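# Per-entry structural report
Residue-level listing of the chains:
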Amino acid sequence: MEAFIAARAPIPVSFAPVAVANAAHESHGRGSTGSAATASVALLCAIGSSRGRRNATERRIALARRRPPAKVARQVCHRSCHGGEHLSPERKQELEAICQKIATPGKGITATDEGPGTIGGRFENVGVENTEEHRRIYRQMLYDTPGINNYLSAAILDPETMYQKDDDGVPFPQALEKRNIIPGVKPHLKVYELPGCPGDTVMQGLDSLAQRCKEYKAAGAKFAKWRSPLQISRWGPSRLAIEANMNDLARYALICQDEGLVPIVEPDIVMKGEHDLETAMAVNIEVQSTLYKAMLEHGVYMEGTILKTNLVNPGLSCDTDYSVEEIAMANTAVLRRTMPVAIRGVNFLSGGQTLEGAAARLNAINQVKNRMGRMPWNISFSWSWALQAPLLDLCKGKGGKIPLKEMSELYLQELAIASAAAQGKYKEGIPPEVIREDEEVKKKDADEPTKEAEAKKEEPRKDEKKEEPKKEAEAKKEEPKKEEKKEEPKKDAEAKKEEPKKEEKKEESKEAEAKKEEPKKEEKKEEPKKEAEAKKEEPKKEERQGRTEEGGRGQEGRAKEGREEGRTKKEVRGQEGRAKEGREEGRTQEGGRGQEGRAKEGREEGRTE
């Protein structure tokens, strides 16, 4: 009985076999019957308890399925590759807008994110003391040179530079934004070597990254850049180093987007080594494919990211020489095989190359892109050493001074070369045309006038208001004049219309006069004929008079009759001419009165007949 009561205690399912064994051991020595009964009872109780717990779990699952889904379910992602499902539409739109500005064709990024130690070493090599003020005025020259906004879309700042100001007291991030250049920051810390993996490193700084991103965004940063360096060697980079670094980049990108910063991911395979171009291609494809897989699995919003990567190059100690075209084809092949179309742009770093060498390779890559037409990304530059090495050389022999004016001139020429290479228009040995004016700054200043300018604009408006009544009175006075002026063109138009009518009348009158003169001309032509006939008849008359008086008298009578007939004929002809003149005058005077004119003509013709 005691064994039965003890066996009734609830036993977890995982401990049921142990409980059965213990019960059998305790009953050993009490007899076979007691031990068997106790063991069987304990086993049955354990099975019943497990069934009860299983039924309770099933009931809880059923209740959970009946509940409606929570409204905040989209903010909780239980799966990978969700593509930034936790971000609001406004945040996604903000990230995409920044990426679009960074990927402006023909423009690139100036990388000025060297820490105090790195820039200090460069200063010391050219005889310049490494002080905060020297670092400040040098960075100021890189940010306020007139014309740089024609070639730059963004600038990467060191955390120290984020909080420095120019000579006018304006923080550098705000000074860059005035020039339409997007400011960004380098949030990572230092590298350390992976234990047991010689030559392989990872970047530190993920701890407290979210808090630092909040501070940088409050200071004016719009994006961040994280570098993960790797090196090709006989044994590396190892698979552990690749996965560790690419997962760190993916987690950094996820945190940046959550804090409102665009993440620029930078897998950097350095140029040290003896590897050839084919090996460099294989390693770059492995690294970048691992990166994008990690970013997708972490749920990074790919449309809100930018890639900064190394140029695919053979090792510095490689014995094989490759042409610029071969290197360009290798780089475009890596991009086509790995890079997602969702990413807007790729900015290549210089990686220790000279300005001419980096420009020649970038130019060849863009020429291949323009020729093939199968790459939708903006391919540009994000250079530090290629741009700054020639500038720092100007400091040599200057007694520790920084020749800012000479640096500014050279810096603008270098950016013009970089911009030409980003468009595939760079020609080695032929410097491109340099634009030294800030056209975009002038437009921005015009769109954002100061209060003083607005006050000055309002003064003439007040004067205009005072003059409005005067102008209205003058306008009323001028209205009748305007109406007269309006009527004048109408009169001129009417006069012009009447001119052809007058000309027609003149022509008709001329025709009438010409018709009047026709019978007169005929009469004049007939008179000399009649006179000649009369002279011929005179001697005949005298002969007839000499013969007989009667015959003479008859001839005279006939001559008189002839003359009378000639007179009557002349009168008839004159009457006909007058009738014709009347008809023509009627036509010219009456115009459209066709029927009446014809009636009159008929009457006049009847009279003349």
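Here goes a summary of the coordinates provided. (Residues numbered from 1 in each chain as written. Predicted model: local features only at pLDDT ≥ 70, side-chain atom pairs only at ≥ 80, totals over all residues. Heavy atoms only, no water.)

## Considering unusual backbone geometry
Omega for the peptide link from Gly-236 to Pro-237 comes to 5°, which places this bond in the cis form. Take Pro-237: it is sitting in the loop between β6 (223-230) and α10 (239-258). The backbone of Asn-180 shows a phi angle near 65°, a positive value even though the residue is not glycine. Assignment of secondary structure puts Asn-180 in the loop between α8 (172-178) and β3 (182-185). Even without being a glycine, Ser-208 presents a positive backbone phi close to 60°. Looking at the element boundaries, Ser-208 is found in the loop between β5 (201-203) and α9 (209-219). (Helix = DSSP H or I, 4+ residues; strand = E, 2+ residues; numbered from the N terminus.)

## Structural notes on the packing of aromatic side chains
The geometry of an aromatic ring pair is captured by two quantities: the separation of the ring centres and the angle between the planes. On inspection of all chains with the given rule, the structure shows four aromatic pairs. A ring pair is formed by Phe-123 and Tyr-138, whose centres lie 5.6 Å apart and whose planes are at 80°; its orientation type is edge-to-face. In this pair, Phe-123 sits in helix α5 (residues 116-125) while Tyr-138 sits in helix α6 (residues 132-144), placing the two residues 15 residues apart along the sequence. Comparing Phe-123 with Tyr-138, the two get one shared label, buried. On the basis of an interplanar angle of 35° and a centroid distance of 5.3 Å, the ring pair of Trp-226 and Tyr-252 is categorised as tilted. Of this pair, Trp-226 sits in strand β6 while Tyr-252 is found in helix α10, placing the two residues 26 residues apart along the sequence. Residue Trp-226 is classed as buried on the basis of its relative accessible area, which comes to 0%. Note on Tyr-252: relative accessible area 0%, which makes it buried. (Phe/Tyr/Trp six-rings, centres within 6.5 Å; stacked < 30°, edge-to-face > 60°. Buried < 20%, exposed > 50% of the residue type's maximum accessible area, 1.4 Å probe, protein only.)

## Describing the sheet that holds strand β7 (residues 262-269)
Around the barrel, eight strands lie side by side as β1-β2-β3-β6-β7-β8-β9-β10; this closed barrel has parallel pairing. Adjacent strand axes in the sheet meet at a mean angle of 25°, parallel and antiparallel pairs treated alike. Pairing geometry for strand β2 (residues 152-157) and β3, over four bridges, is parallel. Pairing of Ile-156 across the sheet is with Gly-184, part of β3. Relative to the sheet, α10 contacts β6 and β7, its axis offset from that of β6 by approximately 175°. (Pairing = 2+ DSSP bridges. Axes fitted to C-alpha atoms, helices over the stretch in contact; angles between N-to-C directions. Contact = heavy atoms within 4.5 Å.)

## Describing the nonpolar core
By size, the foremost hydrophobic cluster in this structure holds 89 residues, and its most contacted members are Tyr-138, Tyr-252, Trp-383 and Tyr-411. A per-element tally of this core places helix α15 (residues 404-422) first, with 10 residues. The contact partners of Tyr-252, leaving out residues within four places of it in the chain, are Pro-187, Leu-206, Leu-209, Ala-224, Lys-225, Trp-226, Pro-263, Ile-264 and Val-265. The next biggest cluster of nonpolar side chains, apart from the first, holds 15 residues, and it includes Phe-223, Val-262, Ile-264 and Tyr-301. (Core = buried A, V, L, I, M, F, W, Y, C linked by side-chain atoms within 4.5 Å.)

## Thoughts on the packing of helix α11 (residues 277-298) against helix α12 (residues 324-338)
Helix-helix packing: each pair is described by the crossing angle between the helix axes and the interaxial distance. α12 packs onto α11 with a crossing angle of 25° between their chain directions and a minimal axis gap of 9 Å. By the angle between their directions, the pair α11 and α12 is classed as roughly parallel. Crossing of α11 over α12 shows right-handed handedness. Within the contact between the two elements, α11 uses Leu-277, Met-281, Asn-284, Ile-285, Gln-288, Ser-289 and Tyr-292 and α12 uses Glu-326, Ile-327, Ala-330, Ala-333, Val-334, Arg-337 and Thr-338. (Parallel < 35°, antiparallel > 145°, perpendicular 65-115°, else oblique. Left-handed = near helix turned anticlockwise from the far one by under 90°.)

## Description of the pairing of β7
Most of β7 sits inside the fold, with eight of its eight residues counted as buried. Both β6 and β7 contribute to a ladder of eight bridges, which runs parallel. Within the sheet, the bridge partner assigned to Phe-223 lies in β7 and is Val-262. Note on the crossover from β6 through α10 to β7: the handedness is right-handed. Pairing analysis gives two bridges linking β7 to strand β8 (residues 306-309), with the strands arranged parallel. (Right-handed = clockwise from strand over helix to strand, strands pointing away.)

## Points about the pairing of β8
Burial along β8 is two-sided: Ile-306 and Lys-308 and Leu-307 and Thr-309, pointing in opposite directions, are all buried. What joins β7 to β8 is α11, and the crossover it makes is right-handed. The pairing of β8 with strand β9 (residues 345-348) spans three bridges and is parallel. Across the sheet, the residue bridging to Lys-308 is Asn-347, located in β9. Running through α12, the crossover from β8 to the neighbouring parallel element β9 is right-handed.

## Here we look at the environment of Pro-432
Tracing the chain through its elements places Pro-432 in the loop between α15 and α16 (439-447). The class for Pro-432 is partly exposed, based on a relative accessible area of 24%. Placed 17 residues apart in sequence, Pro-432 and Leu-415 show a C-alpha to C-alpha distance of 9.8 Å. With residues near it in sequence (within four places) discarded, Pro-432 still touches Ala-416, Ile-417 and Ala-420.

## A word on the side chain of Ser-382
For Ser-382, the position within the fold is in strand β10 (residues 378-383). A distance of 3.1 Å separates a polar atom in the side chain of Ser-382 from a polar atom in the side chain of Lys-308. Not counting residues within four places of it along the chain, the set of residues in contact with Ser-382 comprises Ile-109, Ala-111, Ile-156, Lys-308, Asn-347, Phe-348, Leu-349 and Ser-350. (Polar contact = N/O pair within 3.5 Å; in protein donor to acceptor, adjacent residues only side chain to side chain.)

## Topic: α15
With 19 residues, α15 ought to run about 27 Å at 1.5 Å a step, and its terminal C-alpha atoms sit 26 Å apart, in line with that. Backbone geometry just after α15 places Gly-424 at a positive phi near 75°. (Expected span 1.5 Å × (residues − 1).)

## So, the packing of helix α14 (residues 385-393) against α15
Running from N to C, α14 and α15 point in directions that differ by 155°, and their axes come no closer than 10 Å. What the angle tells us is that α14 and α15 run roughly antiparallel. The two elements α14 and α15 meet at a crossing, and its hand is right-handed. Across from Ala-386, Leu-387, Pro-390, Leu-391 and Leu-392 in α14, the residues of α15 making contact are Met-407, Leu-410, Tyr-411, Glu-414 and Leu-415. Classifying every residue of the contact of α14 with α15 by side-chain character gives nine nonpolar, no polar and one charged. (Nonpolar A, V, L, I, M, F, W, Y, C, P; charged D, E, K, R; others polar.)

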